[in-house]
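# Topology and contacts: notes
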Amino acid sequence: MSTAVPSRTRKAGVGIAVVYVVVCVATIALTGHHVRPLFDGIGPAAPYQWVKPPPDFAAGNTKPKPASVDVALKPDGSAAAVVNTPDAQALLNLPQGAVAAHGADTKVTVTIVPLDPATLAPPASPLNADGNAYRITLKYGPSGVVVGALAKPGNIVLTVPQPARSVLSSADGRAWQELASQSIGGTGSVGAAFNGGGYFLAGAHGTVTGASSKSSSTGRTLVIAGVVVVLALALPFLVTWLRRRRRPGRRRVRRR
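Everything numeric here is computed off the predicted structure, so don't read it as measured data. (Residues numbered from 1 in each chain as written. Predicted model: local features only at pLDDT ≥ 70, side-chain atom pairs only at ≥ 80, totals over all residues. Heavy atoms only, no water.)

Here Q162 lies in the loop between strand 7 (154-159) and strand 8 (166-170). For Q162, a relative accessible area of 18% puts it in the buried group. Each C-alpha atom, one on Q162 and one on H205, is 9.6 Å from the other, the two residues being 43 residues apart in sequence. (Helix = DSSP H or I, 4+ residues; strand = E, 2+ residues; numbered from the N terminus. Buried < 20%, exposed > 50% of the residue type's maximum accessible area, 1.4 Å probe, protein only.)

The structure is reproduced here in structure tokens:
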């Protein structure tokens, strides 16, 4: 009897845990509410935030906000830092020493400003602007001197509304250079090396009209698939647990 109770408790715990997982996934699928900590992040992708959205997405669009972060500057260079816009659609990863020391300056102010790409020169054919453009500046503080080329390259990652081919950079927004790039996290983001401030834009083939609806559809598909998989895994555990739970009771009846 001393070993039966812990074993039964463990089985009950497994069953409850499995039921909880099923409920979590089902809740997300049916209500759209996030459940933490197991399934935070599962569900429809957040709609892309446009500076100037395509007509079909104007009604529900949230205009993106800029970001400005001060990075400590020491005699051996700047501290390691990650700088991103509030919507996380543009992100910079700067390694330690990315910006060289500069006189008596004690910081580097990194600013990322989302822009409508239509206000800049278009990319060279066959590429088109994929999402927002970004103006990124780095300035020493308190002097205000603009930082030139980085001492150590960092990385830039742009979230895109449609699959992108590459990240484009420009010193003045008039002529674009295609950077060696790679997709990150499937096709939702594209990244490249970051060597200094300027204008940045993701480029894609074909006409980019927005992908909020596609993202939501993909999110719902993933949730439904998750529910099916979890249910398939949960049912055998629940059946086994229920069968084993009944056996001790039957044995007690036979002993009487």
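Picking up after the structure, the text goes on.
This next bit is on the packing of aromatic side chains. Under the defined criterion, the tally for this structure stands at two aromatic pairs. With a centroid separation of 4.9 Å and 70° between ring planes, the pair formed by Y48 and W50 is classed as edge-to-face. When sorted by exposure, Y48 lands in the same class as W50, which is buried. For the pair F194 and F200, a centre-to-centre distance of 5.4 Å together with 45° between the ring planes defines the contact as tilted. The buried category is assigned to F194, whose relative accessible area is 0%. F200 sits in the buried class, given a relative accessible area of 4%. (Phe/Tyr/Trp six-rings, centres within 6.5 Å; stacked < 30°, edge-to-face > 60°.)

Attention shifts here to the pattern of salt bridges. Inspection of the entire model under this criterion finds two salt bridges. Between K107 and D70 there is a salt bridge, and its shortest N-O distance comes to 3.6 Å. Separated by 37 residues along the polypeptide, K107 in strand 5 (residues 107-115) and D70 in strand 1 (residues 67-74) bring together distant segments of the chain. For K107, a relative accessible area of 31% gives the class partly exposed. For the salt bridge of R165 with E178, the shortest nitrogen-to-oxygen distance reads 2.9 Å. In this pair, R165 sits in the loop between strand 7 and strand 8 while E178 sits in strand 9 (residues 177-178), placing the two residues 13 residues apart along the sequence. Exposure remark for R165: the relative accessible area of 43% places this residue in the partly exposed category. (Salt bridge = Lys/Arg side-chain N within 4 Å of Asp/Glu carboxyl O.)

Below, the discussion takes up the sheet that holds strand 10 (residues 181-184). Taken together, five strands build an open sheet; the order of strands is 3-4-7-11-10 and the sheet is antiparallel. Each of the sheet's edge strands pairs with one partner strand only, and the pair in question is strand 3 (81-84) and strand 10. Here the strands of the sheet are splayed against their neighbours by 20° on average, with no regard to which way each runs. Examined bridge by bridge, strand 7 and strand 11 (residues 189-194) share six bridges and lie antiparallel to one another. Following the sheet pairing, V157 is matched in strand 11 by G191. (Pairing = 2+ DSSP bridges. Axes fitted to C-alpha atoms, helices over the stretch in contact; angles between N-to-C directions.)

We now examine unusual backbone geometry. Each neighbour pair has its own omega, and for S125 with P126 the value is 15°, a cis peptide bond. For P126, the location among the structural elements is in the loop between strand 5 and strand 6 (127-141). Residue G141 is joined to P142 through a cis peptide bond whose omega torsion reads 10°. Of note in this structure, A88 is not a glycine but carries a positive phi near 60°. Residue placement: A88 occurs in the loop between strand 3 and strand 4 (90-94).

A separate point is the nonpolar core. In terms of nonpolar packing, the biggest core is built from 32 residues, with L138, I156 and F194 touching the most fellow members. Element by element, the count of residues in this core is highest for strand 6, at four residues. Residues L115, L120, L127 and A133 belong to the second largest nonpolar core, which totals nine residues. (Core = buried A, V, L, I, M, F, W, Y, C linked by side-chain atoms within 4.5 Å.)

So, about the sheet that holds strand 12 (residues 198-205). With antiparallel pairing, the seven strands of this open sheet are ordered in space as 2-1-5-6-12-8-9. In the strand order of this sheet, the two ends are held by strand 2 (77-78) and strand 9, each with one partner.

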